[in-house]
Amino acid sequence: MSFSFFVSTYRCCPEYRPYWWLKEFKAVHHFDDLQQYPSTCETSAGFPSAHSTVFTVFVHLFLGPSMSYISHQFKMDQRCLKLISSFLWIVFSSLMWLSRMYLLAEFLHQCILGSLIAFLFLHFFNRHSSFFYALNRRRLVTGVLCCSSIPVTAYFSMLSMHVDPHWSVRMAFKWCQEPSYLFHETSPVFSLGRDFGYLMGVALSAPLFKRHECSNSRIKRLPLMISVEIINYWARLETPKTKGRFIFVAYECLRNLLHSFTLLTILPKLIT
């Protein structure tokens with residue numbers, strides 16, 4: 001989540017998705033042969049691939065504990081363990097990249113760079129995790145507010161250079177044949193509001209090392225977490241999409257702020 005503003009900001013930059021590129025530059029002669037899927041009609045730019053970044057983080061979180069368990073059970077050599085982890089990561093990531101290319105949602109370089117960005121940020125966070133866990137609330141909130149200035153600056157810079165920040169949304173509406181495939185949730189503005197809310201909820205839960213110390217109560221926390229996710233899903237369905245852009249983004253920002261703050265702060269207090 002720490003690289004979400006970086007991803008969201010650069011998703012405003014002109015980077016065509018394969019389907020748009022084929023249509024705009026007439027790279028193929030038989031357009032009717034191109035099939036569309038919901039993922040083909042996403043309203044954000046193709047770089048970096050959000051699916052690849054999120055999937056890379058998921059694989060990292062999955063393989064880490066799994067490999068540790070295997071190493072403990074079978075007394076495997078660390079070098080062999082790293083080799084197996086790298087192989088599995090390449091296999092899983094390649095399947096993700098192939099699926100995105102098959103759907104004409106992203107080019108290969110967009111997928112690879114998305115995974116690379118996630119890998120670099122994960123490495124940076126793991127190396128300095130003690131520093132981030134020890135940050136107090138004031139510093140984290142200040143950091144999130146400073147990060148929020150990056151996409152705002154990029155937005156107005158694009159306007160000053162006569163570049164449409166919403167060009168990807170217009171491109172999706174232009175070439176998507178099925179209107180039901182278009183969702184506000186994939187637009188760059190929505191992504192920025194969503195990620196800012198998540199990060200602010202995390203910042204308000206600082207210092208994070210106290211939340212990490214309570215991790216031994218995961219079984220007790222599970223029913224409450226499921227309840228929170230159900231409520232959050234219902235709240236997402238009730239997002240006001242017809243009352244203007246400001247209300248739409250503000251609602252999503254507040255919803256995600258409460259979501260992350262509840263998981264990190266309120267739930268641990270309820271079970272202790």
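So, how was this worked out
- Residues numbered from 1 in each chain as written.
- Predicted model: local features only at pLDDT ≥ 70, side-chain atom pairs only at ≥ 80, totals over all residues.
- Heavy atoms only, no water.
- pLDDT = per-residue confidence, 0-100.
- Helix = DSSP H or I, 4+ residues; strand = E, 2+ residues; numbered from the N terminus.
- 1 Å grid on protein atoms, 1.4 Å probe; cavity = no way out; pocket = protein on both sides within 12 Å on 5 of 7 lines; lining within 4 Å.
- Points joined across faces, edges and corners; volume = space filled by probe spheres on them.
- Nonpolar A, V, L, I, M, F, W, Y, C, P; charged D, E, K, R; others polar.
- Salt bridge = Lys/Arg side-chain N within 4 Å of Asp/Glu carboxyl O.
- Buried < 20%, exposed > 50% of the residue type's maximum accessible area, 1.4 Å probe, protein only.
- Phe/Tyr/Trp six-rings, centres within 6.5 Å; stacked < 30°, edge-to-face > 60°.
- Disulfide = S-S within 2.5 Å.

A. Just the confidence of the model for the chain, in detail. Counting all residues, the mean pLDDT for the chain is 80, and 88% of those residues have values of 70 or more. Mean pLDDT values over the elements of the chain span from 45, in helix H1 (residues 4-10), up to 88, in helix H5 (residues 108-127).

B. Quick peek at the layout of surface pockets. Put simply, the second largest pocket is a space of about 540 Å³. Along the walls of the second largest pocket sit 17 residues, with His60, Leu63, Gly64, Ser85 and Phe119 positioned nearest its centre. Every element with two or more residues in the lining of the second largest pocket is listed here: helix H3 (50-74), helix H4 (78-102) and H5. For the lining of the second largest pocket, the per-class residue count stands at 6 nonpolar, 9 polar and 2 charged.

C. Highlighting the pattern of salt bridges. With the rule as written, the count across this model stands at 7 salt bridges. Across the pair Arg100 and Glu42 runs a salt bridge whose closest N-O atoms are separated by 3.4 Å. On the criterion of sequence distance, the pair formed by Arg100 in helix H4 and Glu42 in the loop between helix H2 (18-24) and H3 is long-range, its members being 58 residues apart. On the basis of relative accessible area, Glu42 is assigned to the buried category, the value being 10%. Measuring nitrogen to oxygen at the nearest pair gives 2.5 Å for the salt bridge that ties Arg170 to Asp164. Classification of Arg170 as exposed rests on a relative accessible area of 53%.

D. A look at the packing of aromatic side chains. Evaluated as defined, the whole model comprises 12 aromatic pairs. Taken together, a centroid distance of 6.4 Å and an interplanar angle of 10° make the contact between Phe58 and Phe62 stacked. Taken as a pair, Phe58 and Phe62 lie in helix H3 at a separation of 4 residues, close to a single helical turn. Each member of the aromatic cluster is reached from another via a ring pair, and the members are Phe124, Phe125, Phe131, Phe132 and Tyr133.

E. Local environment of the state of the cysteines. For the coordinates displayed, the defined rule picks out 1 disulfide. At a sulfur-sulfur separation of 2.3 Å, the disulfide partner of Cys41 is Cys176. Disulfide Cys41-Cys176: torsion about the S-S bond near 90°, hence right-handed. Linking Cys41 in the loop between H2 and H3 with Cys176 in the loop between helix H8 (167-175) and helix H9 (188-204), this pair joins segments that are 135 residues apart in sequence. One exposure class covers both Cys41 and Cys176, and it is buried. Here Cys146 is not cross-linked by a disulfide; its sulfur's nearest cysteine counterpart is in Cys147, at 7.1 Å.

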